[in-house]
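Coordinate analysis (summary)
As a plain string of letters, each chain reads:
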Amino acid sequence: MILTKKTALYSNCILVKGASRSVICDLQLQQMHYIPNSLYELLENHLGKTVEDIKKAYNNKYDDIIDSYFQFLEEKDCVFFTEHPERFPKLNMDWDYPHEISNAIIDYHSKSSYDIINVLNQLDELKCKSIQIRFFSKIEKEKLTSILSYLKEKESIIASVEVYLEVSEWTNKDRLIDIISSYPRVNQCVVHSSTFEDIIDLGNKYLIYTKQKVNSELHCGIISPKYFSINLKTFTESKNYNSCLNRKVSVDKEGLIKNCPSMTNDYGSIKNTTLKKVVESEKFRQIWSIKKDQISICKDCEFRYVCTDCRAYIEDSKDNFSKPIKCGYNPYTNKWEKWSENQLKKVAIENYGLTEII
Ligand code: SF4
Ligand code: SF4
């Protein structure tokens, strides 16, 4: 530690204060470090001073603690010492995207009768880059390959495709590896309702087998540290917009256009209107701007800019700003519990019909 120089945090290390503890999100190394709120306050109020001056600001009562704090920050590569901290500006926390839609969900089941290729065409016109296609029931191999071939042959802007398939006679590993290797835009294929669990790493793509049945949109919306995303894109988008629904459009299994297939509000059928018309409407876009800083409980959570959100399944369906029901984290105690076992959520869980999936 250089005692005569001033302290500075690397600009990729961002402090986030929670109710009972704080974190430093390292957006470059994609790591998160837990820190006590006392260290958060120290850094907020005294960064830019020398360590000696910081100790003096606390009347030299906590010298050992302050030394241990800076030792920790150095070990984690968060802090450096310089004569000129003003030469290291903070990262810009704005978020923007050049097109109206960045991601989409397309749901399909055995009774669906709309044309997926038509939806893909419209998403392409909207310059949507990522899509998730969820087949809730078995489909023929030829149907999947015709959809993927369309994307392969077209000069499409759609860059990443995630497919959910119900297990069937043709979804064995060899066949699926063959299929997804032939289609560069497929980055993940999940086979649900499988008899076994497996994750096959194919370099830049994954084939996943899960015993979980993904037979309806009710399965979506789980909040878990597994899905935390510690990077500049997620962090800045979460600070400014909704981390799930911003720039998203969906077509549910009935062909209804929605913000997400689990929402009750729809904006007409894909058979009678276009995605473009829907996404241009102010009403459709309203939900994009609900950010974590406005959501009850989440606004006190140290994970609020790395966590996904869910606006479809919330603790109080009459309050658009209530916490996602499928989150079991309590930022006041720092404990995770099973969301499905929380008695206070029982009524809401039943109202959403979630009992059939837990
Ligand atoms: S709002 Fe919830 S249910 Fe809808 S896509 Fe997002 S996480 Fe899934
Ligand atoms: S409380 Fe909110 S921000 Fe925190 S983990 Fe749960 S959903 Fe995410």
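Cut-offs used in this document
- Residues numbered from 1 in each chain as written.
- Chains lettered and ligands numbered in written order.
- Predicted model: local features only at pLDDT ≥ 70, side-chain atom pairs only at ≥ 80, totals over all residues.
- Heavy atoms only, no water.
- Near = heavy atom within 4 Å.
- Nonpolar A, V, L, I, M, F, W, Y, C, P; charged D, E, K, R; others polar.
- Domains from an automatic or database assignment.
- Contact = heavy atoms within 4.5 Å.
- Buried area = accessible area lost by both parts, 1.4 Å probe.
- Disulfide = S-S within 2.5 Å.
- Buried < 20%, exposed > 50% of the residue type's maximum accessible area, 1.4 Å probe, protein only.
- Helix = DSSP H or I, 4+ residues; strand = E, 2+ residues; numbered from the N terminus.
- Phe/Tyr/Trp six-rings, centres within 6.5 Å; stacked < 30°, edge-to-face > 60°.
- Core = buried A, V, L, I, M, F, W, Y, C linked by side-chain atoms within 4.5 Å.
- Expected span 1.5 Å × (residues − 1).
- Salt bridge = Lys/Arg side-chain N within 4 Å of Asp/Glu carboxyl O.

Next up on the list: the site of ligand 1. By nearness alone, every residue bordering ligand 1 is listed as I105, C220, G221, C244, L245, C260, S262, D309, C310, R311, A312 and Y313. Its residues placed into classes, the shell around ligand 1 shows eight nonpolar, two polar and two charged.

Here the protein is described as being made up of domain 1 (6-87) and domain 2 (103-292). Averaged C-alpha coordinates put domain 1 and domain 2 at centres separated by 41 Å. Listed as interface residues are eight residues of domain 1 and, on the opposing side, five residues of domain 2. Overall, the association of domain 1 and domain 2 removes approximately 560 Å² of surface from exposure, summing both partners, and the carbon and sulfur fraction of that is 83%. Among the residues of domain 1 in contact with domain 2, L27, Q30 and M32 are the three that bury the most area, contributing 75% of the side total.

Evaluation of the coordinates by the stated rule reveals zero disulfides. With no disulfide of its own, C189 lies 17 Å from the sulfur of C220, the closest cysteine sulfur. Owing to a relative accessible area of 2%, C189 belongs among the buried residues under this scheme.

Our focus in this paragraph is the site of ligand 2. Close contacts around ligand 2 come from I223, K292, C298, C301, R304, C307, K323, P324 and C327, and that covers them all. Its residues assigned to classes, the shell around ligand 2 comprises six nonpolar, no polar and three charged.

Summarising the element assignment, N59 is placed in the loop between α2 (51-57) and α3 (63-75). By relative accessible area, N59 is classed as exposed at 59%. N59 sits 43 residues away from S102 along the chain, and the two C-alpha atoms are 52 Å apart.

Right, let's talk about the packing of aromatic side chains for a bit. The full count for this structure, using the stated rule, is 19 aromatic pairs. With 4.8 Å between their ring centres and 75° between their planes, F80 and F88 make a pair best called edge-to-face. Looking at F80, the relative accessible area reads 13%, which means it is buried. Exposure remark for F88: the relative accessible area of 46% places this residue in the partly exposed category. Centroid distance Y108 to Y114: 5.2 Å. Interplanar angle 70°. Geometry classified as edge-to-face. For the residue pair Y108 and Y114, the accessibility class agrees, reading buried in each case.

As a further point, take the nonpolar core. Judged by nonpolar contacts, the single largest core of 61 residues is most densely connected at L123, I131 and F135. If near-sequence neighbours (up to four positions away) are discounted, F135 is found in contact with Y108, I116, L144, I147, V163, Y164, L165, E166 and H192.

To continue, consider helix α5 (residues 141-153). With 13 residues, α5 should reach 18 Å at 1.5 Å per residue; the first-to-last C-alpha distance of 18 Å fits that figure. Listed in full, the buried residues belonging to α5 are L144, T145, I147, L148, S149, Y150 and L151. Turning to α5, the residues buried within the fold contact α4 (116-125), β7 (130-135), β8 (160-166), α6 (173-182) and β9 (186-192).

Next up on the list: the pattern of salt bridges. Within the structure shown, the criterion is met by 20 salt bridges. Across the pair K55 and D67 runs a salt bridge whose closest N-O atoms are separated by 2.8 Å. On the criterion of sequence distance, the pair formed by K55 in helix α2 and D67 in helix α3 is long-range, its members being twelve residues apart. Residue classification places D67 among the partly exposed residues on the basis of a relative accessible area of 27%. Of the charged contacts in the structure, one is a salt bridge between D309 and K292, with a shortest N-O distance of 3.3 Å. Of this pair, D309 sits in the loop between α9 (282-285) and β14 (329-330) while K292 sits in the loop between α9 and β14; the two residues are 17 residues apart in sequence, bridging distant segments of the chain. Salt bridges sharing partners connect three or more residues here, namely E52, K55 and D67.

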